[in-house]
Amino acid sequence: MNPNQPASDRDDSTPTTTDSDRSRSSRRAFLGSAATLSALALAGCMGDDGSGSGSGGGADTAMPTETSTPTPTETMTETQEPETETEMEPVDPDVPILNYALTLEHLENAFYREGLDEFSDDELMNASVLSEFGEQVRMEVPMYLATVGEHEAAHVEALSATVEQLGGTPVEEAEYDFGYETPSDFFGVAQALENTGVAAYAGAAPSVHSNEILAAAAGIHSVEARHAGFLNLVNGDSPFPNAVDEAMSMSEVLEIAGGFVTSDTSGMGETPETASTPIARKAEDDTSDVDVLNYALTLEHLENAFYREGLDEFSGGELMEADVLSPFSEDLRMAVPDHLATVGEHEAAHVEALSATVEQLGGTPVEEAEYDFGYETPSEFFGVAQALENTGVAAYAGAAPTVTNDDVFAAAIGIHSVEARHAGFLNELNVESPFPAAVDESMSMSEVREVAGQFIVN
């Protein structure tokens, strides 16, 4: 931590997801467990038609047994039947998954709502963790954080509406203690939450049944990755630390999230029975997994060649002095060549991984073509990079519902979010929002091929 800490930062502690042993831990000891938060995430999954209640409403009425005999009372007549609990109808299998995602979105929504109310724009701009950045970045931070908060609120609204459309009851917001005391603390917790969100969506996505829901989840997943990349950057870490983002299981994520919950989530109802419906993650066409992989490989060849050629064409000094980077501080501009080299390494790793997978499935990997990317200056290079990365995000989102193999799907989702991290960073360098929408749009294979075809000369 910078010893010359501004007055707005009231201590030097920057919490992480492992910081649960701080003063708030005693209040959460009996609440912040995966078990209680799982109950919260799966609560309220029954519809409002009298078939059940997410708040444990069925617990007030005893289930009759074969030997039980109703006891007459003064108010019971001969024609009255003893009351019995209405049998619960199985819910749509995607309702519990959506309520799990909604649990996390409630957490993030409350975090930004409370934090942005707690700290002024000036306090956020002058956080010690931002001391290495120039005025351009620091001035943008409050606006970008407000946008992230709006995205999380939009996710809550969209997920809640979808649960209701499926006949379920959306899980409600809990009470939280995020443990931050300074603006720098706030940035640290934000980074942890966003990266956890990326891993959570990646882990849950293979269990989604509906293609429409899967497409929307993929669009939220990549936006969470854009948020995470930006928070990594302002906390002094790599926006994209891995070539493939890792997934986390529901229990792992809920254990982390439970560390922030201070309200009692016990007694929220049993996990409802879900309808027995096969996962329908396959578009109604004859596109095989090998076809999808070779489609993705075509894009990765394109991106790999782009960075390989561009980073050979321009020196680190030329990239740092690009006109488009003039608003940024010297420290950020000095970091750009290394970040671009990392992006290039990621694209090369994607080519290698996709090629190997195609071969494992008995296919023949598509080969690299010849390209003309049309840039002449470093600034033009940054502009083409931005376009390619954002196209890659939309391409993976559009292709996801066509994959049948769970392992292939999981790997594709992990690449999808990394492409989103790349895109967010390139947006920022081109002085545009790293996350322009609450849900990233998808593109069809034909739409993506039309874009990619503009660069292919042979």
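Engineer: How should I be thinking about the pattern of salt bridges in this particular structure?
Structural biologist: Where charged atoms from two side chains of opposite charge approach closely, those side chains can pair. As enumerated under the stated definition, the model contains five salt bridges in all. The salt bridge partner of Glu173 is Arg113, with a shortest N-O separation of 2.8 Å. Placement of Glu173 in the loop between α5 (135-165) and α6 (183-204) and of Arg113 in helix α3 (residues 94-118) is noted, with a sequence separation of 60 residues between them. Residue Arg113 is classed as partly exposed on the basis of its relative accessible area of 43%. Note that Glu368 is salt-bridged to Arg308, the shortest N-O span being 2.8 Å. Placement of Glu368 in the loop between α11 (330-360) and α12 (378-399) and of Arg308 in helix α9 (residues 289-313) is noted, with a sequence separation of 60 residues between them. Taking the relative accessible area as the measure of exposure, Glu368 reaches 34% and is therefore partly exposed. Judged by its relative accessible area of 43%, Arg308 falls in the partly exposed class.

Engineer: Explain the environment of Glu118 to me, please; I cannot follow it from the model alone.
Structural biologist: The topology assignment puts Glu118 in helix α3. Note: C-alpha distance between Glu118 and Glu181 (63 residues apart in sequence) is 9.6 Å.

Engineer: Teacher, can you tell me more about the layout of surface pockets here?
Structural biologist: Size it by volume and the second largest pocket reaches roughly 290 Å³. For the second largest pocket, the lining is made up of 19 residues, of which Leu98, Leu159, Ile213, Ala217 and Ile220 are closest to its centre. Taken together, the elements giving at least two residues each to the lining of the second largest pocket come down to α3, α5, α6 and α7 (211-234). In terms of residue class, the lining of the second largest pocket is built from 17 nonpolar, one polar and one charged.

Engineer: What is the right way to read the side chain of Ser355 from this model?
Structural biologist: Mapped onto the secondary structure, Ser355 falls in helix α11. From its side chain, Ser355 meets the backbone oxygen of Val351 in a polar contact 2.8 Å long. If sequence neighbours within four positions are ignored, Ser355 has contacts with Leu297 and Pro365.

Engineer: Would you mind going over a negative patch on the surface with me for this structure?
Structural biologist: Taken together, the side chains of Glu309, Asp312, Glu313, Glu318 and Asp372 present a region of like negative charge at the surface. No other element matches α9, which puts three residues into the negative patch. Along the chain, Asp372 falls in the loop between α11 and α12.

Engineer: Even after reading the chapter, I still don't get α6, so can you show me in this structure?
Structural biologist: Since one α-helical turn is 3.6 residues long, residues separated by three or four positions face the same way. Here α6 spans 31 Å end to end across 22 residues, near enough to the 32 Å set by a 1.5 Å rise per residue. Within α6, 20 of the 22 residues are buried, leaving the element largely enclosed by the surrounding structure.

Engineer: What exactly am I supposed to notice about the nonpolar core here?
Structural biologist: Generally speaking, a soluble globular protein has its nonpolar side chains buried in company with each other. Counting residues in hydrophobic clusters, the biggest one holds 107 residues, and the most contacted among them are Phe111, Phe178, Phe187, Phe306, Phe373 and Phe382. Excluding anything up to four places from it in sequence, Phe111 contacts Phe178, Tyr180, Phe186, Val189, Ala190 and Leu193. With six residues, the next largest nonpolar core counts Val198, Ala228, Ala420 and Ala423 among its residues.

Engineer: Before we go on, may I ask you to explain helix α14 (residues 445-453) in this structure?
Structural biologist: Within the sequence span of α14, burial applies to Met445, Val448 and Ala452. Within α14, the buried residues cover an arc of 65° as seen down the axis, which keeps them to one side. Facing away from the buried side of α14 by more than 90 degrees, the exposed set consists of Ser446 and Glu450.

Engineer: What am I meant to see in the packing of aromatic side chains here?
Structural biologist: Under the criterion given, the structure shown has 27 aromatic pairs. Arranged with centres 5.2 Å apart and planes meeting at 75°, the rings of Phe111 and Phe178 form a pair that is edge-to-face. Remark: Phe178 occurs in the loop between α5 and α6 and Phe111 occurs in helix α3; sequence separation between them is 67 residues. Both residues of the pair, Phe111 and Phe178, belong to the buried class. Pairing Phe178 with Phe260 gives two aromatic rings, centres 5.7 Å apart and planes at 40°, and the pair type is tilted. On the criterion of sequence distance, the pair formed by Phe178 in the loop between α5 and α6 and Phe260 in the loop between α8 (250-258) and α9 is long-range, its members being 82 residues apart. Neither residue differs from the other here; Phe178 and Phe260 are each classed as buried. Through a chain of ring-to-ring contacts, the aromatic side chains of Phe111, Tyr112, Phe119, Tyr176, Phe178, Tyr180, Phe186, Phe187 and Phe260 assemble into a single cluster.

Engineer: When you look at the packing of α11 against α12 in this model, what are you seeing that I'm missing?
Structural biologist: To describe two helices that pack against each other, one gives the angle between their axes and the distance between the axes. Relative to each other, α11 and α12 sit at 40°, their axes nearing to 13 Å. Between α11 and α12, the angle is such that the two are oblique. Crossing angle aside, the handedness with which α11 passes α12 is left-handed. Contacts between α11 and α12 involve Val336, Leu340, Val343, Glu347 and Leu354 from the first element and Phe381, Phe382, Glu389 and Tyr396 from the second. In terms of residue class, the contact of α11 with α12 is built from seven nonpolar, no polar and two charged.

Engineer: What's the story with the packing of α3 against α8 in this structure? I'm lost.
Structural biologist: Following both chains from N to C, one finds α3 and α8 inclined at 25°, their axes separated by 11 Å at the closest point. Looking at the two axes, α3 sits roughly parallel to α8. In this structure, α3 crosses over α8, and the sense of that crossing is left-handed. Along the contact surface, α3 presents Tyr100, Leu104 and Leu107, while α8 presents Met250, Val253, Leu254 and Ala257. Its residues placed into classes, the contact of α3 with α8 shows seven nonpolar, no polar and no charged.

Engineer: Is there a simple way to think about unusual backbone geometry in this case?
Structural biologist: Trans is the prevailing form of peptide bonds, just as negative phi is the prevailing case for residues other than glycine. One non-glycine residue with positive phi stands out, namely Val431, at about 60°. Its location among the elements puts Val431 in the loop between α13 (406-429) and α14.

Engineer: Can you walk me through the environment of Ala218 in this structure?
Structural biologist: Mapped onto the secondary structure, Ala218 falls in helix α7. Here Ala218 falls in the buried class, since its relative accessible area comes to 4%. Residues within four places of Ala218 in sequence aside, it is in contact with Ala397 and His416.

Conventions and cut-offs
- Residues numbered from 1 in each chain as written.
- Predicted model: local features only at pLDDT ≥ 70, side-chain atom pairs only at ≥ 80, totals over all residues.
- Heavy atoms only, no water.
- Salt bridge = Lys/Arg side-chain N within 4 Å of Asp/Glu carboxyl O.
- Helix = DSSP H or I, 4+ residues; strand = E, 2+ residues; numbered from the N terminus.
- Buried < 20%, exposed > 50% of the residue type's maximum accessible area, 1.4 Å probe, protein only.
- 1 Å grid on protein atoms, 1.4 Å probe; cavity = no way out; pocket = protein on both sides within 12 Å on 5 of 7 lines; lining within 4 Å.
- Points joined across faces, edges and corners; volume = space filled by probe spheres on them.
- Nonpolar A, V, L, I, M, F, W, Y, C, P; charged D, E, K, R; others polar.
- Polar contact = N/O pair within 3.5 Å; in protein donor to acceptor, adjacent residues only side chain to side chain.
- Contact = heavy atoms within 4.5 Å.
- Patch = residues over 30% accessible without salt bridge, like charges linked within 9 Å, V, L, I, M, F, W, Y side chains within 5 Å.
- Areas by Shrake-Rupley, 256 points an atom, 1.4 Å probe, with all protein chains shown as cover.
- Lys, Arg positive; Asp, Glu negative; His and termini not counted.
- Charge placed at Lys NZ, Arg CZ, Asp CG, Glu CD.
- Expected span 1.5 Å × (residues − 1).
- Core = buried A, V, L, I, M, F, W, Y, C linked by side-chain atoms within 4.5 Å.
- Arc of directions from axis to C-beta.
- Phe/Tyr/Trp six-rings, centres within 6.5 Å; stacked < 30°, edge-to-face > 60°.
- Axes fitted to C-alpha atoms, helices over the stretch in contact; angles between N-to-C directions.
- Parallel < 35°, antiparallel > 145°, perpendicular 65-115°, else oblique.
- Left-handed = near helix turned anticlockwise from the far one by under 90°.

Coordinates in, geometry out; function isn't part of it.
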